[in-house]
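# Summary of the model geometry
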Amino acid sequence: MDTGTHVVMGIALGGLATIDPIVANDPTLFNAVLVGTVVGSQAPDFDTILKLRNNAVYIRNHRGITHSIPAVIFWGILISSIIYIFVPEVSFLHLWLWTFFAVIIHVFVDIFNAYGTQALRPFRRKWIALGFINTFDSYIFFLHVAGIIAWALGANPAQTFIVVYIVIALYYVKRYLDKRNIVRKIHEYFPDTEYIATSPTMKQNDWRVAITTKNRFYVGTVNNGHIQLIDEFERVPLPDTKMINIAIADKNISAFLSFSPVYRWEIVENDRFTEVRFIDLRYRAKGYYPFVAVAQIDKDDQITNSYTGWIFSEQKLQRKLLFGDNVT
């Protein structure tokens, strides 16, 4: 989920913690728990700092190791221990339990969007991306905000957020059923479908889909249950050629391939270099595929420029290739 949603979730979990009588009856512990749930709700995304290095490192690691099982345990212990240094008179067990719970909830809700996480790492490195909740979902966000406002106006926080989370749980069920209906219809149209990537948009009844069949890729939208195909590409396996092998050894291309399950590739040659480009088909927006990886290889078989990341125009991509990740 987005940062704002994780913030309101952290506040809500602090209110929900008052269901624990030890927390509810100790104002100092309650304040410590509230800090723990807010920070714990953000902690797995501290890997955003990796953007300061480069996009390849960020893409390979974001929602990866920081969302793994060992990291979840680490965040809970680290955050609660730091807080405990300042308030050693409170119950460390209850402080840790609620902080740990907030970290778990952060990772749990992230698996439902199209980006996903490596939540089962180190046992499985596969990305888990269920694709039926948008990264920012206005219903989820404003239900939390409504609960926080009710709490500020004097409502019982435990009761308030129990109701909020029951409603959100029902909403998740509804969105899951929406996706299941889309998947069923796609399999009816394309019986040889092997993989379907769904990406809900900000609008409740609008979805993006990327479909992998035995021989082709299809990209489309789903509006009110109606599937409309927009693009179609032949599914060509990645060949074992010199240019491809040089490209996939590059850090940017390697990071892209470690993350993207649905992509097409193309090679363009000109007088100065050969360009190998990989295009993720899951995120089509406004007629453009913004998540790409590109390597430019000169006549001496050396990579002169490469890039991976989100780009919404060809001009911007060429500037990134020429000047690097820090170009705006």
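Residues numbered from 1 in each chain as written. Predicted model: local features only at pLDDT ≥ 70, side-chain atom pairs only at ≥ 80, totals over all residues. Heavy atoms only, no water.

## A look at the sheet that holds strand β1 (residues 193–200)
What the four strands build is an open sheet, ordered β1-β2-β3-β4; its pairing is antiparallel. For this open sheet the edge positions go to β1 and β4 (226–234), each flanked by a neighbour on one side alone. In this sheet, adjacent strand axes meet at a mean angle of 20 degrees when their direction is disregarded. Pairing geometry for β1 and strand β2 (residues 206–213), over seven bridges, is antiparallel. (Pairing = 2+ DSSP bridges. Helix = DSSP H or I, 4+ residues; strand = E, 2+ residues; numbered from the N terminus. Axes fitted to C-alpha atoms, helices over the stretch in contact; angles between N-to-C directions.)

## Things to note about empty space enclosed by the protein
In the structure shown here, the tally under the stated rule is one cavity of 30 Å³ or more. Counted as a void, the largest cavity has a volume near 50 Å³. Lining the largest cavity are N134, F136, D137, S138, Y139, Y171, R175, T201, M202 and Q204. At the level of elements, α7 (138–152) and α8 (157–189) are the ones that each hand at least two residues to the lining of the largest cavity. Here the residues of the lining of the largest cavity sort into four nonpolar, four polar and two charged. (1 Å grid on protein atoms, 1.4 Å probe; cavity = no way out; pocket = protein on both sides within 12 Å on 5 of 7 lines; lining within 4 Å. Points joined across faces, edges and corners; volume = space filled by probe spheres on them. Nonpolar A, V, L, I, M, F, W, Y, C, P; charged D, E, K, R; others polar.)

## Quick look at the pattern of salt bridges
Tallying each qualifying case throughout the model produces ten salt bridges. The residue D178 makes a salt bridge to K174 at a minimum N-O spacing of 2.9 Å. Of this pair, D178 and K174 both sit in helix α8, separated by four residues, roughly a single helical turn. On the accessibility criterion, K174 (35% relative accessible area) is partly exposed. Of the charged contacts in the structure, one is a salt bridge between E275 and R277, with a shortest N-O distance of 2.8 Å. (Salt bridge = Lys/Arg side-chain N within 4 Å of Asp/Glu carboxyl O. Buried < 20%, exposed > 50% of the residue type's maximum accessible area, 1.4 Å probe, protein only.)

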